[in-house]
Amino acid sequence: MTSRCFALVPAAGIGERSGAGIPKQYVEIAGRPMLAHTLAALAAVPRIAQTLVVLSPADDRFEAAVPGHVGWVARVGGASRAESVLGGLAELRRRGAVDDDWVLVHDAARCLLRPEWVDALIDACLPDAVGGLLAQPIADTLKSGDAEGRVTATIDRRDKWAAQTPQMFRLGLVEKALAAMGAAATDEASAVEALGLAPRLVRASMANFKVTWPEDFELAERWLRASAPDPRR
Ligand SMILES: Nc1ccn([C@@H]2O[C@H](COP(=O)(O)OP(=O)(O)OP(=O)(O)O)[C@@H](O)[C@H]2O)c(=O)n1
Ligand SMILES: C[C@](O)(CO)[C@H](O)COP(=O)(O)O
């Protein structure tokens, strides 16, 4: 059987750093909740067979936020992003996905995703034995700092990339990797790296940033409103 591509969207976080007072994926940006923008971008990628949204078991906002949603939804989120992704992978298996199928894990909080970046990732990863992720080379000088907010070192940035999502791996591999690393895995790639493998870096755009801090909502709103007319929006 030919391997299929599934998307898995962890959307079970509380968005504490955003200070929004509600889970940030439900904050309205450019006329609709952030999560609706994210799902629309994934829905515009024909090679994605199905998208599974992973919600918190207590979530009571999704149906109102994304009315008429026809994709898969599972309330199997956990205490960490890694646990939510693992819950989603198990749900994909329950719905028929197998070891060799590809899974593109994408943060609900990266609502500026564009279908062409997802296509570039799929093109790069389909022939690859390991898989990979969208990422952006670091453009700023990188510092490490101490608890008092003073610089402790300047880090050579020449080989440094900021990891984004989607991150695309085969279901069997990413499930094994995340199960081994547990909640310490801040992304799928780091868990796969811990198995001794080298995921492929696929350059996207700094616009694919993760809405994290209060000021990010306005930035995302400006990007969305300024972007070229898009029939999905
Ligand atoms: N237990 C968790 C934690 C995070 N996520 C999801 O993982 C993505 C990236 O996480 P992050 O941006 O850190 O979101 P939050 O955990 O919600 O934010 P914060 O750390 O500020 O609380 C988000 O789409 C978030 O909903 C999740 O599904 N389950
Ligand atoms: C997966 C991720 O978006 C890649 O940059 C990031 O690691 C998520 O981190 P967070 O701790 O959930 O904000």
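The rules behind these values
- Position numbers for residues count from 1 along each chain, tracking the sequence in the order it is written.
- Starting at A for chains and at 1 for ligands, labels are handed out in the order in which the entities are written.
- The predicted origin of the model limits local features to residues at a pLDDT of at least 70 and limits the giving and counting of side-chain atom pairs to 80 or more, whereas totals for whole chains, interfaces and linings rest on all residues.
- Side-chain numbers here rest on the full set of heavy atoms in the structure, without hydrogens or water.
- UniProt positions are given in the numbering used here, feature names are shortened, and annotations may be inferred rather than shown by experiment.
- A helix here means a DSSP run of H or I that spans at least four residues, while a strand means a run of E at least two residues long, and both kinds are numbered starting from the N terminus.
- Here a strand pair is declared whenever DSSP counts at least two bridges between the two strands.
- To obtain each axis, a line is fitted to C-alpha atoms, and for helices this fit is confined to the stretch in contact; angles are then taken between N-to-C directions over 0 to 180 degrees.
- It only takes one pair of heavy atoms within 4.5 Å for two residues to be counted as in contact.
- Under the scheme applied here, a residue whose accessible area is under 20% of the maximum for its type counts as buried, over 50% as exposed, and between as partly exposed, the area being computed with a 1.4 Å probe on protein chains only.
- Working note: the arc is built from the helix axis to C-beta atom directions.

Taking an unreviewed UniProt entry as the reference, the protein chain is identified by name as 2-C-methyl-D-erythritol 4-phosphate cytidylyltransferase belonging to Roseateles saccharophilus. One UniProt comment on the protein chain, placed under Function (unreviewed entry), says "Catalyzes the formation of 4-diphosphocytidyl-2-C-methyl-D-erythritol from CTP and 2-C-methyl-D-erythritol 4-phosphate (MEP)." Per its UniProt entry, the protein chain bears the Catalytic activity (unreviewed entry) comment "2-C-methyl-D-erythritol 4-phosphate + CTP + H(+) = 4-CDP-2-C-methyl-D-erythritol + diphosphate".

A word on unusual backbone geometry
Looking along the chain, the bond that leaves Thr-165 and enters Pro-166 is cis, with omega of 10°. Checked against the element boundaries, Pro-166 lands in strand 10 (residues 161–170).

Overview of the sheet that holds strand 10
If you trace the 7 strands from one edge of the open sheet to the other, you get 5-4-1-6-10-7-11, paired in mixed fashion. Two strands lie at the open edges of the sheet, namely strand 5 (72–74) and strand 11 (200–203), each paired on one side alone. Looking at each pair of strands side by side, their axes are set apart by 25° on average, direction ignored. As defined by bridge partners, strand 1 (residues 5–10) adjoins strand 4 (residues 48–54) across 6 bridges and the pair is classed as parallel. Residue pairing in the sheet places Pro-10 in a bridge with Val-54 of strand 4. Sitting on the sheet, helix 1 (residues 34–43) touches strand 1 and strand 4, and the angle it makes with strand 4 is about 160°. Packing against the sheet, helix 4 (residues 115–125) makes contact with strand 1, strand 4, strand 6 (102–105), strand 7 (131–137), strand 10 and strand 11, and its axis sits at approximately 130° to strand 7.

A short note on helix 4
Turning to helix 4, its buried residues number three or more, namely Pro-115, Trp-117, Val-118, Leu-121, Ile-122 and Cys-125. When helix 4 is viewed along its axis, its buried side chains cluster within an angular range of 160° and face the same direction.

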